[in-house]
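Understanding the architecture of this molecule
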Amino acid sequence: MTATEPEARAPRRGPAPVQGMGMLIGLLFLVLAALELMTGVPTGGGPSVLFGVLAVSGVWTLVHLLTGVMAVFCTRSSRWAARFLVVAGACYAVVGLAGLLPLPHAITDTLPLNTAGVCFDLALGTGMLILGVGWLRRRPERRR
């Protein structure tokens, strides 16, 4: 038996790559929520603009904060991290797709969507879906 055969290799320790990606995405959302809070979004009357391009509101701040907390919580195991990426990615992709449609004012007043926000939601949702589904579809012997 050679050292490159799977039975001869020592098991790898530490977090799985999907856990690291889930944690990175969770921290991204927590930083985004903190930046939204610093701009005074929850106290403002209407939608504010973050970095001059991304429309945010108090509801978006709460959504980003909850998404970040759930991501950090779910990265305790690789299976939960992958499931989080699939579910949250699907939600953000649906929001991005919905932003392409003409929506009633009641929805757009609560969740303001501009072109940058729609692109952000679509890109992040698609990336999260690819990472999560890709990890869940791996053969069990290749997972950690």
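Residues numbered from 1 in each chain as written. Predicted model: local features only at pLDDT ≥ 70, side-chain atom pairs only at ≥ 80, totals over all residues. Heavy atoms only, no water.

It is worth spelling out the packing of aromatic side chains at this point. Taken as a whole and assessed by the stated rule, the structure comprises one aromatic pair. The ring of Trp80 carries Arg83 above its face, with NZ or CZ at 5.7 Å from the centroid. (Phe/Tyr/Trp six-rings, centres within 6.5 Å; stacked < 30°, edge-to-face > 60°. Lys NZ or Arg CZ within 6 Å of the ring centre and 35° of its normal.)

Running from amino to carboxyl end, helix H2 (residues 58-74) crosses helix H3 (residues 78-99) at an angle of 160°, the nearest separation of the two axes being 9 Å. With respect to their mutual orientation, H2 and H3 come out roughly antiparallel. In the crossing of H2 with H3, the sense of the turn from one axis to the other is left-handed. Two secondary-structure elements touch here, H2 through Trp60, Val63, His64, Thr67, Met70, Ala71 and Cys74 and H3 through Trp80, Ala81, Phe84, Tyr92 and Val95. Class assignment of the residues belonging to the contact of H2 with H3 gives a composition of 10 nonpolar, two polar and no charged. (Axes fitted to C-alpha atoms, helices over the stretch in contact; angles between N-to-C directions. Helix = DSSP H or I, 4+ residues; strand = E, 2+ residues; numbered from the N terminus. Parallel < 35°, antiparallel > 145°, perpendicular 65-115°, else oblique. Left-handed = near helix turned anticlockwise from the far one by under 90°. Contact = heavy atoms within 4.5 Å. Nonpolar A, V, L, I, M, F, W, Y, C, P; charged D, E, K, R; others polar.)

Take the packing of helix H1 (residues 17-38) against helix H5 (residues 115-136) next. One can describe the packing of H1 onto H5 by two numbers: an axis separation of 10 Å at closest approach and a directional angle of 160°. As summarised for this structure, H1 and H5 are arranged roughly antiparallel, according to the angle between their axes. Between H1 and H5 lies a crossing whose hand is left-handed. Facing H1, whose interface residues are Pro17, Val18, Met21, Ile25, Leu28, Phe29 and Leu32, H5 presents Phe120, Leu124, Met128, Leu131 and Trp135. Each residue belonging to the contact of H1 with H5 can be placed in one class, and the counts come to 12 nonpolar, no polar and no charged.

Moving on, we come to the confidence of the model for the protein. Here the protein shows a mean pLDDT of 83. Residues at 70 or above account for 81%. For the protein, the element scoring lowest by mean pLDDT is helix H4 (residues 105-110), at 78; H3 scores highest, at 93. (pLDDT = per-residue confidence, 0-100.)

Glancing now at empty space enclosed by the protein. Under the definition given, this model contains one cavity of 30 Å³ or more. Taken as a whole, the largest cavity holds about 60 Å³ of empty space. Residue lining of the largest cavity: Leu54, Ala55, Val56, Trp60, His64, Pro112, Leu113, Gly117, Phe120 and Asp121, and that is the complete set. Those elements that place two or more of their residues in the lining of the largest cavity are strand S2 (54-56), H2 and H5. Among the residues making up the lining of the largest cavity, the classes are represented as seven nonpolar, two polar and one charged. (1 Å grid on protein atoms, 1.4 Å probe; cavity = no way out; pocket = protein on both sides within 12 Å on 5 of 7 lines; lining within 4 Å. Points joined across faces, edges and corners; volume = space filled by probe spheres on them.)

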